[in-house]
Amino acid sequence: MIDIKKLRDNFEETAKALARRGVGPEKPAAARDLDARRRALLGETENLKAKRNAASKQIGIVAKQGGDIAAAKEEMRKVGDRIAEIDRELATVEHDLRETLLMIPNLPAPEIPDGLDSSGNKVVRTVGEWKDPSYRIMDHIEVGEKLGIFDFPRGVKLTGTGFPVILGQGAKLQRALIQYMLDVHCRTQGYTEMLPPFVVNSDSMTGTGQLPKFAEDLYHCQIDDFWLIPTAEVPVTNFYRDDILQAKDLPVKLTAYTPCFRREAGSAGKMTRGMLRVHQFDKVEMVNFVHPDTSFDQLETLVGEAEAILKGLGLCYRVLMLCAGDMGFSAAKCYDLELWAPAEKQWLEVSSCSCFTDYQARRLNCRFKDTDGKTKLVHTLNGSGVALPRLMVAMLEQHQLEDGSIEIPEVLRPYMNGQERLTSDGQA
RNA sequence: GGAAGGUUGGCGGAGUGGUUGAACGCGGCGGUCUUGAAAACCGUUGACUCGAAAGGGUCCGGGGGUUCGAAUCCCUCACCUUCCGCCA
């Protein structure tokens, strides 16, 4: 949620910033009006409550002395009725205000480019030069079949489309990648590893904003009212929901490997080939809780931390700064990392690194006690470090040799018993 | 799944329907003392919200009710603990 005080005090400025994201002036105006109504009602009911509290105290004293309290009780009963009436209206107004605020996205950082869709995104840098080799590169499905590392039809048999089975050397490679990524984050970047629940309750889904708006993208266990996580961001960020951290403990940096479950409602037909868009996939995620003064600097650090993974694997990728209209709802600033897939001839998004400023923290009610003794909202950031299926795809293509085998990057070999290649006979 | 008990401030733990935002202890912070530290002693120490301020309001698991007034009574939901059953 955005700060209602900011909206109230700098209405024009706020509305202008929101307009960059394609939000019309109606929503902020509605929020402003509801806020004004709310404060008027609040003042009214609180005055009456102060009156009642004082009178009730007096009634108690008089009653003890055996005095007559019937008239005072009758009067206060009427006051009580009036309070109930106002409180009912107040509850409605507050509910509407919250609903309205939840529909307003975060304010974009000033420096991010204009634009309402992906065409407005800016390439910040491209790292690693890709040169097409003399031989034809097989796409991941073709080479995967030769190597025997994917079984899509049996995934369909077990569950349905979008639930691939990864086999043999492929499974081993994936496990190696997970361990490599976690080790880089923990050993060299100051992260604490977490293994959270993969299923969460509705409060957690609401805390990070998946609910109520995106329920149809989630898998739901109705009997228990539990939800399968679409990203580790949900359990890891909610870890500090309703908590107050200490300034000296910031930044808190957590990383977690989890599977991710996404219904991808409405995406049927888009990029559905092979591993490119699936309902269940693995991902390593990084989440930061930081001091507000440092959040945008931390975002640059976070991007670097995700990039370190790709660099270590010797992959060609690019960094995009998303434009105002293409960012996720809660982000103030966001970078995407995209790997080049030479057989697909397209860039594949494997990481999205976002700074949410206080937007997510307000909803989570996650605060910290600053050195001045005041309790303030933290700033949160997260980024993938990184998503596995598309990483696998890019590796299978970028590291593919002429004979169709795949060169395993040096950094992964310790996790694969020294194996140097994926080959069709399964031998190194 | 069955039975019983519980849910109070950072933690432990009191609490009579009426100056109880909440005793007491621990912890935290500030101070006295000390060469320094410890101990001892003194003081202080929750969050949210409305307000320019003065000041007000709300919060004792969540929601609802009774009452002039609820941490305290009633209903309901959630969670936790223990015992029994089942089980990786």
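Residues numbered from 1 in each chain as written. Chains lettered and ligands numbered in written order. Predicted model: local features only at pLDDT ≥ 70, side-chain atom pairs only at ≥ 80, totals over all residues. Heavy atoms only, no water.

This part takes up the packing of aromatic side chains. If you walk through the whole model with that rule in mind, you get five aromatic pairs. Ring plane angle 40° and centroid distance 5.5 Å describe the contact between Phe150 and Phe152, whose orientation is recorded as tilted. Chaining the aromatic ring pairs together yields one cluster made of Phe239, Tyr240 and Phe289. Directly above the ring of Phe11 sits Arg32, whose terminal nitrogen or CZ lies 4.2 Å from the centroid. (Phe/Tyr/Trp six-rings, centres within 6.5 Å; stacked < 30°, edge-to-face > 60°. Lys NZ or Arg CZ within 6 Å of the ring centre and 35° of its normal.)

This brings us to the state of the cysteines. Tallied over the full model, the rule gives zero disulfides. Here Cys316 is not cross-linked by a disulfide; its sulfur's nearest cysteine counterpart is in Cys353, at 17 Å. The exposure class assigned to Cys316 is buried, which follows from its relative accessible area of 5%. Between Cys353, a cysteine without a disulfide, and Cys334, which holds the nearest cysteine sulfur, the sulfur-to-sulfur distance is 7.4 Å. Overall, Cys353 belongs to the buried group, its relative accessible area being 0%. (Disulfide = S-S within 2.5 Å. Buried < 20%, exposed > 50% of the residue type's maximum accessible area, 1.4 Å probe, protein only.)

With 21 residues, helix H7 (residues 168-188) should reach 30 Å at 1.5 Å per residue; the first-to-last C-alpha distance of 30 Å fits that figure. A positive backbone phi angle near 80° is found at Gly190, which sits one or two residues after H7. (Helix = DSSP H or I, 4+ residues; strand = E, 2+ residues; numbered from the N terminus. Expected span 1.5 Å × (residues − 1).)

Core analysis: the biggest nonpolar cluster contains 61 residues, and Leu177, Met181, Leu313 and Leu391 have the highest contact counts within it. For this core, the leading source of residues is H7, giving eight residues. Every residue in contact with Leu313, bar those within four places of it in the chain, is listed here: Leu177, Tyr180, Leu391, Met395, His399, Pro409, Val411 and Leu412. Counting 28 residues, the second-largest nonpolar core is a separate cluster that includes Phe11, Val23, Leu41 and Ile83. (Core = buried A, V, L, I, M, F, W, Y, C linked by side-chain atoms within 4.5 Å. Contact = heavy atoms within 4.5 Å.)

Another point: the protein's contact with RNA strand B. Of all residues adjacent to RNA strand B, which total 19 residues, the nearest are Arg39, Glu46, Ser56, Lys73 and Arg367. Put simply, 71% of the atoms of RNA strand B that lie within 4 Å of the protein are in sugar or phosphate. Within the contact set of RNA strand B, a phosphate oxygen lies 3.4 Å away from a side-chain nitrogen or oxygen of Arg52. For RNA strand B, a sugar or linking oxygen lies 2.8 Å from a polar atom in the side chain of Arg367. If you list the elements that add at least two residues to the surface near RNA strand B, you get helix H1 (4-9), helix H3 (26-64), helix H4 (70-102) and strand E14 (367-369). In terms of residue count, the dominant contributor to the surface near RNA strand B is H3 (eleven residues). (Near = heavy atom within 4 Å. Polar contact = N/O pair within 3.5 Å; in protein donor to acceptor, adjacent residues only side chain to side chain.)

Moving on, we get to the packing of helix H2 (residues 11-19) against H3. Following both chains from N to C, one finds H2 and H3 inclined at 145°, their axes separated by 9 Å at the closest point. Both H2 and H3 take part in a crossing whose hand is right-handed. Counting all contacts with H2, which are made through Phe11, Ala15 and Leu18, the residues of H3 involved are Pro28, Ala29 and Arg32. A class-by-class count of the residues in the contact of H2 with H3 yields five nonpolar, no polar and one charged. (Axes fitted to C-alpha atoms, helices over the stretch in contact; angles between N-to-C directions. Left-handed = near helix turned anticlockwise from the far one by under 90°. Nonpolar A, V, L, I, M, F, W, Y, C, P; charged D, E, K, R; others polar.)

Moving on: the environment of Ile83. Looking at the secondary structure, you find Ile83 in helix H4. Given the relative accessible area of 3%, Ile83 is considered buried. For the pair Ile83 and Leu41, spaced 42 residues apart in sequence, the C-alpha to C-alpha distance is 10 Å. What Ile83 contacts, discounting residues up to four positions off in sequence, is Thr45, Leu48, Lys49 and Arg52.

Glancing now at the sheet that holds strand E5 (residues 199-201). Strand order in the open sheet formed by three strands is E5-E7-E6, and the pairing between neighbours is antiparallel. Each having just a single partner strand, E5 and strand E6 (220-221) make up the two edges of the open sheet. For E5 and strand E7 (residues 226-228), the ladder comprises three bridges, and the chain directions are antiparallel. The partner of Val199 across the bridge, within E7, is Leu228. (Pairing = 2+ DSSP bridges.)

On to the environment of Leu364, then. For Leu364, the location among the structural elements is in helix H11 (residues 359-364). Residues Leu364 and Ala331, 33 residues apart in the sequence, show an inter-C-alpha distance of 15 Å. Setting aside residues no more than four positions away along its own chain, Leu364 makes contact with Gly207, Thr208, Thr237, Asn238, Arg241 and Asp242.

Next up on the list: the pattern of salt bridges. The final tally for this structure, using the stated rule, is 27 salt bridges. Taking the shortest distance from any N to any O, the salt bridge between Glu94 and Arg38 comes out at 2.9 Å. Linking Glu94 in helix H4 with Arg38 in helix H3, this pair joins segments that are 56 residues apart in sequence. Salt-bridge contacts for Arg154 lead to Asp151; the nearest nitrogen and oxygen are separated by 2.7 Å. Residue classification places Asp151 among the buried positions, given a relative accessible area of 13%. (Salt bridge = Lys/Arg side-chain N within 4 Å of Asp/Glu carboxyl O.)

Okay, unusual backbone geometry next. Along the chain, Leu250 connects to Pro251 via a cis peptide bond; the corresponding omega equals -5°. Across the junction of Gly385 and Val386, the peptide omega takes the value -5°, indicating a cis bond. Of note, Val386 is situated in strand E16 (residues 379-387). The residue Asp242 is not glycine, and still its phi comes out positive at about 60°. Looking at the element boundaries, Asp242 is found in the loop between helix H9 (233-238) and strand E8 (244-246). Exposure remark for Asp242: the relative accessible area of 49% places this residue in the partly exposed category.

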